[in-house]
Amino acid sequence: IRTVLDGRWGEVRQQVRTELDPADFAPPRDLLPMDEHRQRTLDAVLRLAGTTDFARNGLTREQGGTDDHGASVTAFEMLGHADLSVFVKAGVQFGLFGGAIAGLGTQRHWDAYLPGMADGSLLGCFAMTETGHGSDVQSLLTTATYLPESDELEIHSPSLAARKDYIGGAARDARLAAVFAQLVVDGEQHGVHCVLVPIRDEDGTVRPGVTVGDCGAKMGLRGVDNGRLSFDHVRVPRHNLLNRYGTIDDDGRYHSPIESASRRFFTMLGTLVRGRISVAGGAGAATRTALTLAITYAEHRTQFHVPSGEREVHLLDYRAHQAKLLPRLARSYALMLAQNALVEQMHRIATGEEDGEDAQRELEARAAGIKALTTEHATQTIQVCREACGGAGYLSVNRFADLKADTDVFTTFEGDNTVLLQLVAKGMLTSYSDAFHELDTRGAFFFGARQVTEAVIERTVGGSIIQRLISGSPGRDGDAALADRGGQLDLFEDREKHLLETLAMRLRRAGDDGADSFAIFNDAQPHLLLAARAHVERVVLEAFVAAVDATPPGEARELLDTVCDLYALSTIAQDRAWFVEHGRLSAQQSKDLLGAVDRRCAQLRPHAQTLVDAFAIPMAWRETELLEDLGDVS
C-alpha cells in the first residue's frame, strides 16, 4: 500500500524519510519565542539548501537544475509532515521567489539569481498580495514606471491599499523581493509584471525608500517572518524586470510575445501553479499526520467496559469513533492519489512531455480544485482528530494545536478556496477555450454558458478504465448502483453533468435585453460552487480508481478497493439530499446508504493501523506524549 501511495517519486519520499535527519526538521515540542522560532526555521531551510537537491530539482537544466520537477514537489510535500513553518519558509524561498525568477525571467536573471536562491545565499520573498487587493491580482495598485532618462524602473506604492501584505520572509530575512506591479511605459499601462527589488543590504539594513513592517504573531506558522512592504519611488535597473512575457528594449519601447494584456497576465500566473500544487501537498501531509496520531491513539486507548466487565473497549471499536475517522481516512487516501496524478501532469508539462495551452489551463484548473478540497479537508479533519483524542489532543506537545493553527491559512493563501472553485467552474464552462484567458471572470462564465448545450465529461485520469467500469455498471437505479464501482462513477458523473448544464441555463439569461449580469452571476454563485465541487470530487474518485486498477492483485489491492468504496459512498452520503431531490436516489436508498458507509467502516476497522502505517511518517515527526503514554506503539 505504501508503494501505491508513494507513487512515481517513491524513491524521493524514501530519501526524505531516511537521508534527512528528521530531528532537524521536527516541529519544536515547546512554544518558542517568535524570533527564536524564526531563526530555527531559517536554519532548517538553509540546511535543506546545503544538503539536498530540493531546489535544483525544480529548475530546468538551462537554469542549472535537474529538470525533475515532480521530485521537487514531492520532496516538499513530505516536509508537510514536519514543521510546517519550515515547509512554508522553504516554499517561499524555492517555490515562490525562485519560481518567479525561473518562470517569469530569462537567461540573465537565471544566471544572476538562481544559484544564490538555490543554495540559500540569496534570500528572497514573493510580494504579490496587497492590503487592498488579495485574489484580484489584476487590479494591484503598486506601479513600476519606466524612466527613460535613467533607464530605470521606479517602484511606488501610491496608497496604503497598495502595501504588500502578509509577505513571507519580508519581516526579517529577505534581501530581494519579487514585486508584482502595474508596468507603465511611456504613459501606457501594460498590466501586472514582476520586478526584482532589493529591500535590504547584505548586512540586513533596509534600503532607502523601502518601508518594512512585521505582521507579528499569527494564528500559526510562528517560524515564518511575514511582513509588509511599501515603496516610495524606489528605483531599480530596467533589467530587473522579469521579462519572459514582456520586456522593455534598449530604445525604451515595450514588447510582448502575447498581444492581449489579459492573456499575458493569466499566462504569467500560470507559470506559478506549482505553489498551489505544493500547498495542497503540504495540507494533505499534515492531515495524514493528524489521522495517524488519532487512529493510533484510538487503537490503544480504552474507554468504558463491555457489559460483562471483562475488558475495556478500545476507542476505535465504537462505531461513532469509526464514523469520525475512517471516512476521513478514505478521503485522505483519495486526495493523496489525486495529488500524485496532478504532480505527474505538472511534471509532464514542465518537461515538455505534454504541451499545448489547453493542457496548461487544465492543469491550472485541476490544481485549483484539488488545493481547495484538500485544504478544506485538512481544516475539518485535523479538528475532528483533535476531538477524537480528548484532552490529550488539546495539549500542544501532542501536535494538534500546531497542525490546526499552521494549516488554517492554507484555505486562503495561494488562492482563496471560494475563488479557486470559481476558477474550476470557469474551466468547466469554457472547456479551456480562448475565453479562459481573454475574458474577465464573469464574461468567461457567460461566454461559456452559451456554448454548453449538453455537458461532456472530460476524463483526465484513467479514461479507458473509467469508461469500461461505467459501461459495465447496472445503471443508476437500485442498490446495485451503489455497490458497483461503475455505478458509483456514473452517479458522480451524472451529478456533475446535471449541475453544469443547469448552471449554463441560469447564466444564459445574462444575454437577455436589460439583464443585470452581475445579479445573475451573483445569484448563480452557490450553484456554480456546487458544480465545481462535484467536478473535483469526480476527478478525485477517478484517480483513486485508476490507482487501484494499477495495483497488482492481492490483499493490498482488495484493501485499497474497500477504502475506495468508503470514499465513494461517504461522498455520496454527504450530498445525499441532492441525489434524493433530483431523483437519483430514493428515500430508502438514502437511508440504506448510511448503513453501507457504516459497514465499510466496520470492514476497515481491523486494518486501520495498517492504513495509517502505510503513510510511513518518520517517527521523529509523530513522537508525542499522546502515544508515549500508551507505551510502545511504534
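Structure: above.
## Considering the overall build of the protein
Next, step 1: Tallying secondary structure elements over the protein gives 26 helices and 13 strands in all.
Next, step 2: For a compact globule of 634 residues, the expected C-alpha radius of gyration is about 26 Å, and the protein comes in at 25 Å, within 12% of that figure.
Next, step 3: For the protein, the C-alpha atoms occupy an extent of roughly 90 × 65 × 40 Å along the three principal directions.
Next, step 4: Relative to its full complement of 634 residues, the protein shows a buried share of 58%.
Next, step 5: Of the contacts formed within the protein by residues at least 6 apart in sequence, a portion of 72% connects residues at least 24 apart.
Next, step 6: By element, 49% of the accessible surface of the protein is carried by carbon and sulfur atoms, the whole surface being about 24900 Å².
Next, step 7: Here the protein carries 65 positive and 90 negative side-chain charges, and the mean point of each set is 3 Å from the other.

## As for the environment of Ile-199
Next, step 1: With respect to the helices and strands, the residue Ile-199 is situated in the loop between β6 (188-198) and β7 (210-214).
Next, step 2: The class for Ile-199 is buried, based on a relative accessible area of 0%.
Next, step 3: Each C-alpha atom of the pair Ile-199 and Ala-23 lies 33 Å from the other, and the pair is 176 residues apart in sequence.
Next, step 4: Among all residues touching Ile-199, those that are not within four sequence positions of it are Cys-125, Ala-174, Arg-175, Leu-176, Ala-177, Thr-205, Val-206, Arg-207, Val-210, Leu-229 and Phe-231.

## Focus: the packing of helix α2 (residues 10-18) against helix α6 (residues 69-79)
Next, step 1: As a packed pair, α2 and α6 sit with axes 9 Å apart at the nearest point and diverge in direction by 40°. When the axis of α2 is compared with that of α6, the two are oblique. Considering only the axes of α2 and α6, their crossing is right-handed. Where α2 approaches α6, its residues Val-12, Arg-13, Val-16 and Arg-17 are matched on the opposing element by Ala-71, Thr-74, Ala-75, Glu-77 and Met-78.
Next, step 2: Class assignment of the residues belonging to the contact of α2 with α6 gives a composition of five nonpolar, one polar and three charged.

## So, the sheet that holds strand β8 (residues 226-231)
The strands that make up a sheet are held in pairs by hydrogen bonds between backbone atoms, and each pair lies either parallel or antiparallel.
Next, step 1: Read across the open sheet, the three strands follow the order β4-β8-β7; overall the sheet is antiparallel. With one partner strand each, in any of the chains shown, β4 (164-168) and β7 form the two edges of the open sheet. The average angle at which neighbouring strand axes cross in this sheet is 35°, direction not considered.

## So, the nonpolar core
Next, step 1: Grouped together as the largest cluster of nonpolar side chains are 169 residues, with contacts concentrated most on Phe-180, Ile-277, Ile-295, Leu-325, Leu-329, Tyr-333 and Phe-544.
Next, step 2: In this view, Leu-329 contacts Leu-291, Ile-295, Leu-611, Val-612 and Phe-615; residues no more than four positions away in its chain are not counted.
Next, step 3: Counting residues in hydrophobic clusters, the runner-up holds 25 residues, among them Ala-127, Ala-174, Val-185 and Val-195.

## Topic: the pattern of salt bridges
Next, step 1: Summed over the entire model, instances satisfying the criterion amount to 44 salt bridges.
Next, step 2: Sharing partners across several salt bridges, the network here consists of Arg-2, Asp-6, Arg-13, Arg-17, Glu-77 and Arg-288.

## So, helix α15 (residues 417-430)
Next, step 1: Here α15 spans 20 Å end to end across 14 residues, near enough to the 20 Å set by a 1.5 Å rise per residue.
Next, step 2: Of all the positions in α15, only Asn-417, Leu-420, Leu-421, Gln-422, Leu-423, Val-424, Ala-425, Lys-426, Gly-427, Met-428, Leu-429 and Thr-430 are classed as buried.
Next, step 3: Measuring from the backbone nitrogen of Thr-418 back to the side-chain oxygen at the start of α15 gives 2.9 Å, which picks out Asp-416 as the cap.

Thresholds applied
For every chain, the first residue of the written sequence is number 1, and numbering continues from 1 onward in sequence order. At least 70 in pLDDT is required for a residue's local features to be given in this predicted model, at least 80 for side-chain atom pairs to be given and counted, and no such filter applies to totals for whole chains, interfaces and linings, which use all residues. Just so you know, side-chain values use all the structure's heavy atoms and leave hydrogens and water out. Starting at the N terminus, helices and strands are each numbered in turn, a helix being any DSSP run of H or I of at least four residues and a strand any DSSP run of E of at least two. As a reference, a globule follows 2.2 Å times the number of residues to the power 0.38, and the radius of gyration itself is taken over C-alpha atoms. Here the term buried applies to any residue with accessible area under 20% of the maximum for its type, exposed to any over 50%, and partly exposed to those in between, with areas from a 1.4 Å probe on protein chains only. By definition, residues are in contact when any of their heavy atoms lie within 4.5 Å. Working definition of accessibility: Shrake-Rupley area with a 1.4 Å probe, residue cover restricted to the visible protein chains. Neither His nor the chain ends contribute to the count of charged residues, in which Lys and Arg are positive and Asp and Glu negative. Throughout, a charge is located at the NZ atom of Lys, the CZ atom of Arg, the CG atom of Asp or the CD atom of Glu. Axes here mean lines fitted to C-alpha atoms, for a helix over just the part in contact, with angles spanning 0 to 180 degrees between N-to-C directions. Angles are sorted into four bins: roughly parallel if under 35 degrees, roughly antiparallel if over 145, roughly perpendicular if 65 to 115, and oblique for all others. A crossing counts as left-handed when the near helix is turned anticlockwise from the far one by less than a right angle, and as right-handed when that turn is clockwise. Residues are sorted three ways: Asp, Glu, Lys and Arg are charged, Ala, Val, Leu, Ile, Met, Phe, Trp, Tyr, Cys and Pro are nonpolar, and all the rest, Gly among them, are polar. Strand pairing is defined by DSSP finding a minimum of two bridges between the two strands. The nonpolar core is taken to be a set of buried Ala, Val, Leu, Ile, Met, Phe, Trp, Tyr and Cys residues, with the residues joined through side-chain atoms within 4.5 Å. Only one rule defines a salt bridge in this text: a Lys or Arg side-chain nitrogen within 4 Å of an Asp or Glu carboxyl oxygen. How far a helix is expected to stretch is found by multiplying one less than its residue total by 1.5 Å. Polar contacts here mean pairs of N or O atoms no more than 3.5 Å apart (in protein, one a potential hydrogen donor and the other a potential acceptor; neighbouring residues in sequence count only if both atoms are side-chain atoms).

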